[in-house]
Amino acid sequence: EITSSAQNAKNLQRLRDGDPTLSHLTVGRGAFVYSYFGVDDDFGWLAYFIGRSQCLRELRIHYFPEGKEGHALVEGIARNQ
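Below, the structure is looked at part by part.

Let's talk about the pattern of salt bridges
Here's step 1: For the coordinates displayed, the defined rule picks out 4 salt bridges.
Here's step 2: A salt bridge links Asp19 to Arg14; the shortest N-O distance between them is 2.9 Å.
Here's step 3: Put simply, Arg79 and Glu75 hold a salt bridge, and the shortest N to O gap is 4.0 Å.
Here's step 4: Glu75 gets classed as partly exposed once you look at its relative accessible area, which sits at 32%.

A word on the side chain of Ser53
Here's step 1: Relative to the elements of secondary structure, Ser53 occurs in the loop between α2 (43-52) and β3 (58-61).
Here's step 2: A distance of 3.2 Å separates a polar side-chain atom of Ser53 from the backbone nitrogen of Cys55.

Side note on the nonpolar core
Here's step 1: By size, the foremost hydrophobic cluster in this structure holds 13 residues, and its most contacted members are Leu15, Leu25, Phe43, Leu46, Ile50, Leu56 and Leu73.
Here's step 2: Of all the elements, α2 adds the most residues to this core, at 5 residues.
Here's step 3: Ignoring sequence-local partners within four residues, the contact set of Ile50 consists of Leu15, Leu25, Leu56, Leu59, Leu73, Gly76, Ile77 and Asn80.

Here's the deal with the packing of α2 against helix α3 (residues 67-78)
Here's step 1: Close contact between α2 and α3 brings their axes to 7 Å; oriented N to C, the two are set at 5°. In terms of orientation, α2 lies roughly parallel with respect to α3. In contact with Phe43, Gly44, Leu46, Ala47, Ile50 and Gly51 of α2, α3 contributes Glu69, Ala72, Leu73, Gly76 and Ile77.
Here's step 2: Looking at the contact of α2 with α3, its residues break down into 7 nonpolar, 3 polar and 1 charged.

What counts and how
- Residues numbered from 1 in each chain as written.
- Predicted model: local features only at pLDDT ≥ 70, side-chain atom pairs only at ≥ 80, totals over all residues.
- Heavy atoms only, no water.
- Salt bridge = Lys/Arg side-chain N within 4 Å of Asp/Glu carboxyl O.
- Buried < 20%, exposed > 50% of the residue type's maximum accessible area, 1.4 Å probe, protein only.
- Helix = DSSP H or I, 4+ residues; strand = E, 2+ residues; numbered from the N terminus.
- Polar contact = N/O pair within 3.5 Å; in protein donor to acceptor, adjacent residues only side chain to side chain.
- Core = buried A, V, L, I, M, F, W, Y, C linked by side-chain atoms within 4.5 Å.
- Contact = heavy atoms within 4.5 Å.
- Axes fitted to C-alpha atoms, helices over the stretch in contact; angles between N-to-C directions.
- Parallel < 35°, antiparallel > 145°, perpendicular 65-115°, else oblique.
- Nonpolar A, V, L, I, M, F, W, Y, C, P; charged D, E, K, R; others polar.

This is the structure in structure tokens:
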């Protein structure tokens, strides 16, 4: 498993597959965000799929991971097509 949440797994698959309906994504913690990516999740995969996405038009970050995960997320965002 690369994520602790079924919803996050679905969103990662949608990013991976280039789902044109996934044009907005919110990364956050708590009940009021679209997609929860928490401490146990792999931000490297999220960053990789964000970097490859041609459909993602808006990314909101309400939680920014520290350390390697944060660095990976920044690199993935920088690679976004």
